[in-house]
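Close look at the chain arrangement
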Amino acid sequence: MTEQASATSALRAPSSKRLEPLRRVDAGVLNIAYYEAGPGDGPAVLLMHGFPYDIHAYVDVAPQLAAQGCRVIVPYLRGYGPTRFRDKTTPRSGEQAAMGADLKALIDALGIERAVFAGYDWGGRAACVGAALWPERCIGLVSVNSYLIQDIAKAMVPARPDREVPLWYQYYFQLERGRAGLAANRRGIAKILWQQWSPNWQFDDACFERTALAHDNPDYVDVVIHSYRHRFGLAEGDPQYVELQRKLAAQPSITVPTITLDGEGDGVIPATDGSRSAPKFTGPRVHRIVPRAGHNLPQEEPEVFVAAVMELINE
């Protein structure tokens, strides 16, 4: 079922607003920095950010959910912000199995039995992995761009030329020149991607810099480069995730109640009617297209994202 979600022009939080204070917890291989809001006994919601963004993608979503009684958890992913690997010898993997494992380790560490998993881009992939592999821990899923578990076996099948062009950064990162470029120009690359992916979003310099600080993490470049090489089958994964990756290679279905969102103005993954991914959702699923929204949908249209989360909680 495809619907048109209404977007609003509500006043956004000032660009200087930050999600603070942060908390920290040892969770699996990471010491995760995260923002928490709302009552501790409320329904839990994990809000997972993407690349090249950070937790401030949810700067307006988190307080709205907290005000409606949710326990909101917004973690910095591996390689972002103050999140750190606990052991210097741990591979700086950015593979999808690692992202899903991080999500599960976080809810385990926080004693959360079940939560809504919500996200976009890398965070949406982590949420999809969590919902597919541990449905008993997932109240429901909100995923931008539908089913995001990578089919690495088919990664070398080319898309139409017009679909390949927006993926320039993925091909760039396969080269050592791309690694050097990301290390030297992480802010410049991120700003170009923000502009290309969200052409209708008028962010200012303060808004961008607030997030760009998270890319100064010492593991950012290694994790990003590994993520984009692994998804093409051009980098080995961390051996500890072999079994999880085997399960993901089977393209598991998602059985939990799901709301998928596409931004009508998404400059990297064009909006669709959701029918192509429909077989992957074997539980209740609604697909919505959000007018004008780009790739960073929760920051661009927070009210729509909040409404989707609350719909799952109130089912």
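Residues numbered from 1 in each chain as written. Predicted model: local features only at pLDDT ≥ 70, side-chain atom pairs only at ≥ 80, totals over all residues. Heavy atoms only, no water.

**A few points about the pattern of salt bridges**
Under the defined criterion, the tally for this structure stands at 18 salt bridges. A salt bridge links Asp102 to Arg78; the nearest nitrogen and oxygen atoms lie 2.6 Å apart. Of this pair, Asp102 sits in helix H2 (residues 96-109) while Arg78 sits in the loop between strand S5 (71-75) and strand S6 (84-85), and the two are 24 residues apart along the sequence. When sorted by exposure, Asp102 lands in the same class as Arg78, which is buried. As a salt-bridge pair, Lys104 and Asp108 come within 3.0 Å of each other at their nearest N and O atoms. Of this pair, Lys104 and Asp108 both sit in helix H2, separated by four residues, roughly a single helical turn. On the basis of relative accessibility, which here comes to 39%, the residue Asp108 falls in the partly exposed class. Sharing partners across several salt bridges, the network here consists of Glu176, Arg179, Asp222 and Arg229. (Salt bridge = Lys/Arg side-chain N within 4 Å of Asp/Glu carboxyl O. Helix = DSSP H or I, 4+ residues; strand = E, 2+ residues; numbered from the N terminus. Buried < 20%, exposed > 50% of the residue type's maximum accessible area, 1.4 Å probe, protein only.)

**Looking at empty space enclosed by the protein**
Enumeration over the complete set of coordinates arrives at two cavities of 30 Å³ or more. Roughly 80 Å³ of volume is contained in the largest cavity. Lining the largest cavity we find Leu30, Ile32, Met48, Pro75, Tyr76, Leu77, Arg78, Met99, Asp102, Leu103 and Leu106. When contributions to the lining of the largest cavity are tallied by element, the ones reaching two or more residues are strand S3 (30-37) and H2. Ranked by the residues each element gives to the lining of the largest cavity, the list is headed by H2, at four residues. Of the residues belonging to the lining of the largest cavity, the class tally is nine nonpolar, no polar and two charged. Gly94, Glu95, Gln96, Met99, Trp122, Arg125, Gln150, Ser227, His230 and Arg231 together form the lining of the second largest cavity. Broken down by secondary-structure element, the contributors of at least two residues to the lining of the second largest cavity are H2, helix H3 (121-133) and helix H9 (220-230). (1 Å grid on protein atoms, 1.4 Å probe; cavity = no way out; pocket = protein on both sides within 12 Å on 5 of 7 lines; lining within 4 Å. Points joined across faces, edges and corners; volume = space filled by probe spheres on them. Nonpolar A, V, L, I, M, F, W, Y, C, P; charged D, E, K, R; others polar.)

**Notes on the environment of Asp26**
Position of Asp26 among the secondary structure elements: in strand S2 (residues 22-27). A polar atom in the side chain of Asp26 sits 2.8 Å from the side chain of Asn31. (Polar contact = N/O pair within 3.5 Å; in protein donor to acceptor, adjacent residues only side chain to side chain.)

**Quick word on helix H10 (residues 242-249)**
All of the buried residues in H10 are Leu244, Gln245 and Leu248. In a view along the axis of H10, the buried residues occupy a sector of 95 degrees, so they form one face of it. Within H10, the exposed residues directed more than 90 degrees away from the buried face are Val242, Arg246 and Ala249. Against the buried residues of H10 lie H2, H3 and H9. Directly after H10, the chain includes Gln251, whose backbone phi takes a positive value near 55 degrees. (Arc of directions from axis to C-beta. Contact = heavy atoms within 4.5 Å.)

**Digging into the environment of Trp201**
Its location among the elements puts Trp201 in the loop between helix H7 (186-197) and helix H8 (205-212). Its relative accessible area of 15% is what places Trp201 among the buried residues. Sequence separation of Trp201 and Gly265 is 64 residues, and the distance between their C-alpha atoms is 9.3 Å. Look past the residues within four positions of Trp201 in its chain and what remains in contact with it is Trp194, Cys207, Asn296, Gln299 and Glu300.

**Considering the layout of surface pockets**
Considered as a void within the structure, the largest pocket measures approximately 1600 Å³ in volume. Lining the largest pocket are 40 residues, with Tyr147, Ile149, Asp151, Arg163 and Arg276 sitting closest to its centre. When contributions to the lining of the largest pocket are tallied by element, the ones reaching two or more residues are H3, helix H4 (161-164) and helix H5 (168-172). Each residue belonging to the lining of the largest pocket can be placed in one class, and the counts come to 20 nonpolar, nine polar and eleven charged.

**Some remarks on the packing of helix H6 (residues 176-184) against H9**
For any two helices packed against each other, the geometry comes down to the angle between their axes and how far apart the axes lie. Close contact between H6 and H9 brings their axes to 10 Å; oriented N to C, the two are set at 145 degrees. Read as a crossing pair, H6 and H9 show a hand that is right-handed. Each of Glu176, Gly178, Arg179, Leu182 and Ala183 in H6 lies in contact with H9, whose residues at this interface are Tyr220, Val221, Asp222, Val224, Ile225 and Arg229. (Axes fitted to C-alpha atoms, helices over the stretch in contact; angles between N-to-C directions. Left-handed = near helix turned anticlockwise from the far one by under 90°.)

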